[in-house]
Amino acid sequence: MRKKVVSMFSVILVLLVALTGCGTTSSSSGTAKNEILYWNPFVGPDGENMKQIVNEYNKTNPKYKIKNVSYKDSDMYKKIPTVVNSGKGIPDLTIVHAERIKQFVDNDLLTPYDNLLANYPEIKSENYVPAGWNIGDINGSRYSVPLDVHSFVMYYNKDLLEKYAPNALDDNVITFDEIRAAGEKSKKDNITGVGITWTRPIFLSIYNQLGGDITSDGETPTLNTPEAKEALQLLKGLVDDKIANKDGEDPAQLFKSGKAIFYPEGIWMQNSLNEAKNLNWGLTIFPQISPDKIVNWTSSHQFVMFNDKNRSEEKTKGIMDFIDYVRENSLPWAQAGQNPAALAILESPEYKKLPQAFLIEDPELQKTLKIFDYKYNGFAAEEIDKLVGDAIYGKLDIDKGLKTAQKAVEDKIATNNKK
Amino acid sequence: MINAGGKKYRKKRLNFSPYLYIGPHLILFTIFFLIPTLYGIYISFTNWDLIGNPEFVGFSNYTEILFNKDSTFYEQLRVGLGNTFKFVLFTVPACIIVPLLLAAGLNTKPRGFKFFQVLFYMPTLFSVSAVMIIFSMLFSVSFGPINHYLNVETNWLATQPYAWITLVVVTVWWTIGANLIIYLAALNGVSKDIYEAASIDGANSIQKFFRITLPSIRAQILYTLVITTIAQFNVYGQPLMLTKGGPASSTSVLLMYIQENAFGSGNSIAGIGSAMAVILGLCIMVVSAIQFIFLRQRD
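Residues numbered from 1 in each chain as written. Chains lettered and ligands numbered in written order. Predicted model: local features only at pLDDT ≥ 70, side-chain atom pairs only at ≥ 80, totals over all residues. Heavy atoms only, no water.

As for the environment of Tyr207 of chain A
Residues and elements named next belong to chain A. For clarity, the threshold we go by: Note on conventions: DSSP H or I runs of at least 4 residues are helices, E runs of at least 2 residues are strands, and numbering of each starts at the N terminus. Think of it in three bands: residues with accessible area under 20% of the maximum for their type are buried, residues over 50% are exposed, and the middle band is partly exposed, with areas taken using a 1.4 Å probe on protein chains only. Two residues form a contact once any of their heavy atoms are found within 4.5 Å.
One can find Tyr207 in helix α8 (residues 199-209). With a relative accessible area of 1%, Tyr207 lands in the buried category. Linking Tyr207 and Trp39, residues 168 residues apart in sequence, is a C-alpha distance of 34 Å. Leave out the neighbours within four places in its chain, and Tyr207 touches Gly212, Asp213, Ile214, Thr222, Leu223, Thr225, Glu227, Ala228 and Ala231.

Spelled out as structure tokens, the structure:
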């Protein structure tokens, strides 16, 4: 009997140790005194470049060292409400996507930078790309500082362009009419005109060129509009006339193997294109309907501070030091294929050699970077993702699809506001 | 108990050992299953965005998804649950029959049966994402070996009925191992004497399979049937990664909508998501109960 009791207690003890062990290790991370817990959603190759920035910063021996923690973005966004609610393990500094900021501000989760900026005079509007900077200003307060502005533009195959559309780039704008004309010619040689990749930015860019936007007043969604219909019809036309790739065909593979002339994609995709040997590619702005209104879909990674009562002033100063450091030292970030939002980068000759630099170098092009800034962007994005592919490949009636998408966003907003 | 019972009860030895055996499981069950389940049910009666405090709203989430025909969430439940049931109907029979036939074959101990046993079991060990990435490459329209060898240009993942066929094939391939192991163990326990006696009586192998093999392992078949049904009701990874719920939401299963509502890219609508999850849980319970009653009655 005694033996049994002893063995039972030992088992329970082991179990308790195991269970509590997990608990303590996870909650104590990042609470070290001279450390800034820095969460970011960079897990791919760009994560390596961010690590490089952090390591170089830590080598300068700052009072507060940065502890870099990378998550897959969906995991990070799931964790944020939990830690902010519990008050334990709140990251001191976090990178979030620009489209999420309004939501966080709305829920009163972010600490504004207003009182801190006086001591950091260089962190100001003039030193950043407007699209990235402006989005952090909500109701007169600053809630975020941009790291980058990453845009959805277009790659083209230089050899195929020479063959099928030699004059298309003369005015630096490739229009959909020019794509269509080139595609008609290349079709006979079994070369696809344009590869349709990520449908959301493609649709949104065209929608905005036509004068549409996902919201009319910042509250109401506007998806079911004539402009949206026109944008979908334009894309469907390219599919129907076999200018674009067939449904299910991999546009990236087509482009990499030299079987597509045009390939709209993000500036961050160039590393993957460099892997393809013998591919002679160039980078230009997103295709336009007319050169009069140019739109390049853009998003931005932004530095925010989630509310934390226990964050000391000293530590906050440490955070600001790091942000200011990144402002001047973001070349590794540009080398990951992104465009840093801090204009200090323009002084770097290495940056100017990068293919995506043209978007920032030209102040006129800076103005074409459009971030779809809407409090309910998440809801809209979910529905647009369901809508566009099916609509342009003929699996969903465009009118019906737009109506459903509009209704779905409205319902989600209504349910979300029912409190 | 000892105090209240006095002498009479004190004699009865307090035996801890059964609790010792079930203890670890009980603790894990409570932490990772019971508490989350109860919490989930509570959330389904609230409006919650995961950030503020959950506010109690009674049955309003349920009336919204069950009765408000104009609501997006009603449509999501209808489509999601419908597709989930379809998936269960399409996959469960295959997930029972295919491993059973393979097990019966392996049980005759053909040459190299150990090799095949390992071969069939292996896929079960792979993660869902690894399996789905492999299959999306196999079924790729322009570069996939399947289209190449069949010499067709079928868009397997984005047109019906191919999307369903793909999902079923992938799921059966991926899950064969788990049931196969159970059947193999069960078949090992069937006495050889019965088969010998049947042979002497002149029974052929088909008769032996239906008259001896199947009845002998009925308990295990019932077990795998219930477990497989529950597992397939919880389908998520396959349609998410292979077909992305398409074409036109025809393979969007309920868990995808639950995930989107609770942890989507917009504000969380956890109350609606939880209510959908409770409905899914009830469906699983009812279907499992029916299977039990139906198959037990014949004992």
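This is not the end of the story, as more comes after the structure.
Things to note about the packing of helix α5 (residues 72-107) of chain B against helix α9 (residues 162-188) of chain B
Residues and elements named next belong to chain B. Keep this limit in mind: Angles shown run from 0 to 180 degrees and are taken between the N-to-C directions of axes, each axis being a line fitted to C-alpha atoms and, for helices, limited to the stretch in contact. Angle categories: roughly parallel below 35 degrees, roughly antiparallel above 145, roughly perpendicular from 65 to 115, and oblique for all the rest. By the definition used in this description, the sense in which the near helix is turned from the far one sets the handedness, with an anticlockwise turn below a right angle giving left-handed and a clockwise turn giving right-handed. Under the scheme applied, nonpolar residues are Ala, Val, Leu, Ile, Met, Phe, Trp, Tyr, Cys and Pro; charged residues are Asp, Glu, Lys and Arg; polar residues are all the others, including Gly.
Running from amino to carboxyl end, α5 crosses α9 at an angle of 45°, the nearest separation of the two axes being 6 Å. One way to sum up the angle between α5 and α9 is to call them oblique. Crossing handedness for the pair α5 and α9: right-handed. Its residues assigned to classes, the contact of α5 with α9 shows 21 nonpolar, seven polar and one charged.

Some words on the interface of chain B and chain A
We apply this condition: Joining two parts hides part of their accessible area as seen by a 1.4 Å probe, and the buried area is that hidden amount summed over both. N or O atoms closer than or at 3.5 Å make up a polar contact, with two conditions inside protein: a donor-capable atom paired with an acceptor-capable one, and, for residues adjacent in sequence, both atoms drawn from side chains.
Listed as interface residues are 41 residues of chain B and, on the opposing side, 36 residues of chain A. Between chain B and chain A, a total of about 3,400 Å² is buried, with carbon and sulfur atoms accounting for 56% of that surface. Considering only the side of chain B, the residues that lose the most area to chain A are Ile51, Ser265 and Asn267 of chain B, jointly responsible for 18% of the buried surface there. In this assembly, chain B and chain A are joined by 15 residue pairs in polar contact (both at pLDDT 80 or more). For the side of chain B that touches chain A, the secondary structure elements donating two or more residues are α3 (17-43), α4 (60-66), α5 and α14 (254-263) of chain B.

Remarks on unusual backbone geometry
Excluding glycine, a negative phi dihedral is what most residues carry, and trans is how most peptide bonds are arranged. Residue and element names in this part refer to chain B. A cis amide bond, omega 5°, links Gln160 with the succeeding residue Pro161. Along the chain, Pro161 turns up in the loop between α8 (145-150) and α9. Cis geometry marks the peptide bond from Gly246 to Pro247; its omega dihedral reads -5°. Structurally, Pro247 can be placed in the loop between α13 (237-242) and α14. Here Lys244, not a glycine, exhibits a phi torsion of approximately 55°, which is positive. With respect to the element layout, Lys244 can be found in the loop between α13 and α14. Look at Ser249: it is not a glycine, yet its phi comes out positive at around 60°. With respect to the helices and strands, the residue Ser249 is situated in the loop between α13 and α14.

Let's talk about the UniProt feature "transmembrane region" (unreviewed entry) in chain B
Residue and element names in this part refer to chain B. Rules: UniProt positions are given in the numbering used here, feature names are shortened, and annotations may be inferred rather than shown by experiment.
Following the UniProt record, the feature "transmembrane region" (unreviewed entry) maps to residues 20-45, 87-106, 118-142, 162-186, 217-236 and 269-295 here. A distance of 32 Å separates the end C-alpha atoms of residues 118-142, which is 76% helix and 0% strand. Between the end C-alpha atoms of residues 217-236 the distance is 30 Å, and the span holds 80% helix and 0% strand.

Observations regarding the packing of aromatic side chains
Applicable threshold: Pairing of aromatic rings covers Phe, Tyr and Trp, the last through its six-membered ring, and needs centres within 6.5 Å; plane angles under 30 degrees mean stacked, over 60 mean edge-to-face, and all others mean tilted.
Counted according to the given criterion, the structure contains 38 aromatic pairs over all chains. Measuring from centroid to centroid gives 5.7 Å for Tyr374 of chain A and Tyr376 of chain A, while their planes differ by 85°, and the two rings are edge-to-face. Overall, Tyr376 of chain A belongs to the buried group, its relative accessible area being 4%. Note on Tyr39 of chain B and Tyr42 of chain B: the rings are 6.0 Å apart at their centroids and 40° apart in plane angle, and the pair reads as tilted. Of the two residues, Tyr39 of chain B and Tyr42 of chain B both sit in helix α3, three residues apart, roughly one turn of that helix. Overall, the relative accessible area of 37% leaves Tyr42 of chain B in the partly exposed class. Within the aromatic cluster, the residues linked to one another by ring pairs are Phe152, Phe176, Trp198, Trp268, Phe286 and Trp297 of chain A.

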